[in-house]
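Okay, here's what each chain looks like letter by letter:
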Amino acid sequence: MTGPASATHLVLIPSYNPGPRVRDTVAAARAQWNPVWVVVDGSTDGSAALLQAMAAQDPGLRVLVLPENRGKGAAVLAGIEQAAREGFTHALTMDSDGQHPAQLIPDFMRASQARPRAMVLGVPVFGAEAPRIRVLGRRVSNGWANLETLGAGIGDSLYGFRVYPIAPLAQVMHGQHFMRRFDFDPEAAVRLAWAGVPPVNLPAPVRYFTPEEGGVSHFNYLRDNTLLTWMHTRLFLGFLARLPVLLWRRLAGRVDS
């Protein structure tokens, strides 16, 4: 992208051992937006050096390197903390492995600029290659997320292609020590909804690449589903504690409408 850099909105890409598609992913994001930041989360596959070489030739690309793997949420937190220090107000997060639609970055940014208090959530449109167990599993997570927010309107709790307002996201992350790994995306959506951040849902295709196509997945069914189960248990207990406030907010909204 050759246009001037945005002073408020940036693309933030957490990256851990992303595989060969990372170069094309970052280049595609840069073709759509300026600036783009990549947070290398302790990668050991040589991708940090590759990305730093790209950044040396592109002033619109910055690479932040964490010394050890901390998890997706921790990488996002490191990125938004630095972004906030430099005056940015919103961050669009996307994966580094090519699954997310870089061509929709401008549409999501415009939606965020039109409603800066909102979180703009991608709602995945799956192709035929999507693993059925992943599709079914996210339906369960989405059902829990909408229960925990009393139907706040979270279109999809797990899809990481979304725009966050930085200040409220940093506030909810600093308020507890969870949300640092695979649990980041669903817990961020729920806790932001609790904080009164409204969701805006936009459809976005997602592509699952096979290993032969350069696809890399760090999802572990046992470990990560256990993490999600524990997360939703915690969130449900938090929902019960917040239920009077959520009910009042829902009733007040109906009266205002």
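Colleague: What exactly am I supposed to notice about the packing of helix α1 (residues 22-32) against helix α2 (residues 47-56) here?
Modeller: Helix-helix packing: each pair is described by the crossing angle between the helix axes and the interaxial distance. Orientation of α1 relative to α2, taken along the N-to-C sense of each, is 30°, at an axis distance of 10 Å. Judged by the angle between their axes, α1 and α2 are roughly parallel. Seen along the crossing, α1 lies across α2 with a hand that is right-handed. When α1 is examined against α2, the residues V22, R23, V26 and A27 are found in contact with a partner set consisting of L50, L51 and M54. The residue makeup of the contact of α1 with α2, split by class, is 6 nonpolar, no polar and 1 charged.

Colleague: Before we go on, may I ask you to explain the nonpolar core in this structure?
Modeller: Within soluble globular proteins, side chains that are nonpolar generally end up buried alongside one another. Membership of the largest hydrophobic core comes to 39 residues, with the highest contact counts inside it found for I80, L169 and F184. Put simply, the parts of the chain that give this core at least two residues each are β1 (9-15), β2 (36-41), β3 (61-66), α3 (72-85), β5 (119-126), α6 (166-174), α7 (184-194) and α8 (221-256). Sorting elements by how many residues they give to this core places α7 first, with 7 residues. If we skip the residues at most four places from it in the chain, L169 touches V76, I80, Y164, M179, F184, A188 and L192. Counting residues in each nonpolar core, the second largest holds 31 residues, with V120, F161, V163 and V206 among its members.

Colleague: Looking at this structure, how should I read the sheet that holds strand β4 (residues 90-93)?
Modeller: What holds strands together in a sheet is hydrogen bonding between their backbones, with the strands either parallel or antiparallel. Strands sit in the order β3-β2-β1-β4-β6-β5-β7 across an open sheet of 7 strands; the sheet is mixed. The open sheet terminates on both sides in strands that have one partner only, identified here as β3 and β7 (199-206). Geometrically, the sheet is characterised by an average inter-axis angle of 25° between neighbouring strands, direction not taken into account. Here β1 pairs with β4 via 4 bridges, running parallel. Residue pairing across strands places V11 opposite L92, the latter belonging to β4. Of the strands in this sheet, β2 and β3 touch α2, which is tilted by about 150° from β3. Contacts from helix α4 (residues 105-114) reach β1, β4, β5, β6 (162-165) and β7, with the element oriented near 125° to β1.

Colleague: What is the right way to read unusual backbone geometry from this model?
Modeller: Most peptide bonds take the trans form, and the phi angle of most residues other than glycine is negative. Here the amide bond leading from N34 into P35 is cis, since omega sits at 10°, within 30 degrees of zero. Along the chain, P35 turns up in the loop between α1 and β2. Although it is not a glycine, N17 adopts a positive phi angle of roughly 40°. You can see N17 is positioned in the loop between β1 and α1.

Colleague: What's the story with the pairing of β1 in this structure? I'm lost.
Modeller: Side-chain direction in a regular strand flips from residue to residue, so the side chains alternate between the two faces of the sheet. Within β1, 7 of the 7 residues are buried, which leaves it mostly tucked inside the rest of the structure. Residue alternation in β1 divides its side chains into two sets, H9, V11, I13 and S15 and L10, L12 and P14, and both sets are buried. Sheet topology note: the β1/β2 ladder contains 5 bridges and is parallel. In the strand pairing of β2, I13 is matched with V38.

Colleague: How do you make sense of the packing of aromatic side chains when you look at a structure like this?
Modeller: Aromatic ring pairs are reported here in terms of the distance separating the ring centres and the angle at which the planes meet. This structure, assessed with the given rule, holds 7 aromatic pairs. Here a set of aromatic residues connected by ring pairs shows up, and it is made of F108, Y159 and F161. One residue, R234, lies across the ring of F178, its end atom 3.5 Å from the ring centre.

Colleague: I'm lost on α2 in this one. Help?
Modeller: For an α-helix, 3.6 residues make a turn, and residues three or four places apart therefore share a direction. Within the sequence span of α2, burial applies to S47, A48, L51, M54 and A55. Down the axis of α2, the buried side of the element spans an arc of 125°, and every buried residue falls inside it. Packing partners of the buried residues in α2 comprise α1, β2 and β3.

Colleague: How should α1 be read in this particular structure?
Modeller: If you check which residues of α1 are buried, you get V22, T25, V26, A29 and R30. Down the axis of α1, the buried side of the element spans an arc of 130°, and every buried residue falls inside it.

Calculation notes
Residues numbered from 1 in each chain as written. Predicted model: local features only at pLDDT ≥ 70, side-chain atom pairs only at ≥ 80, totals over all residues. Heavy atoms only, no water. Axes fitted to C-alpha atoms, helices over the stretch in contact; angles between N-to-C directions. Helix = DSSP H or I, 4+ residues; strand = E, 2+ residues; numbered from the N terminus. Parallel < 35°, antiparallel > 145°, perpendicular 65-115°, else oblique. Left-handed = near helix turned anticlockwise from the far one by under 90°. Contact = heavy atoms within 4.5 Å. Nonpolar A, V, L, I, M, F, W, Y, C, P; charged D, E, K, R; others polar. Core = buried A, V, L, I, M, F, W, Y, C linked by side-chain atoms within 4.5 Å. Buried < 20%, exposed > 50% of the residue type's maximum accessible area, 1.4 Å probe, protein only. Pairing = 2+ DSSP bridges. Phe/Tyr/Trp six-rings, centres within 6.5 Å; stacked < 30°, edge-to-face > 60°. Lys NZ or Arg CZ within 6 Å of the ring centre and 35° of its normal. Arc of directions from axis to C-beta.

Geometric values such as these leave the question of function open.
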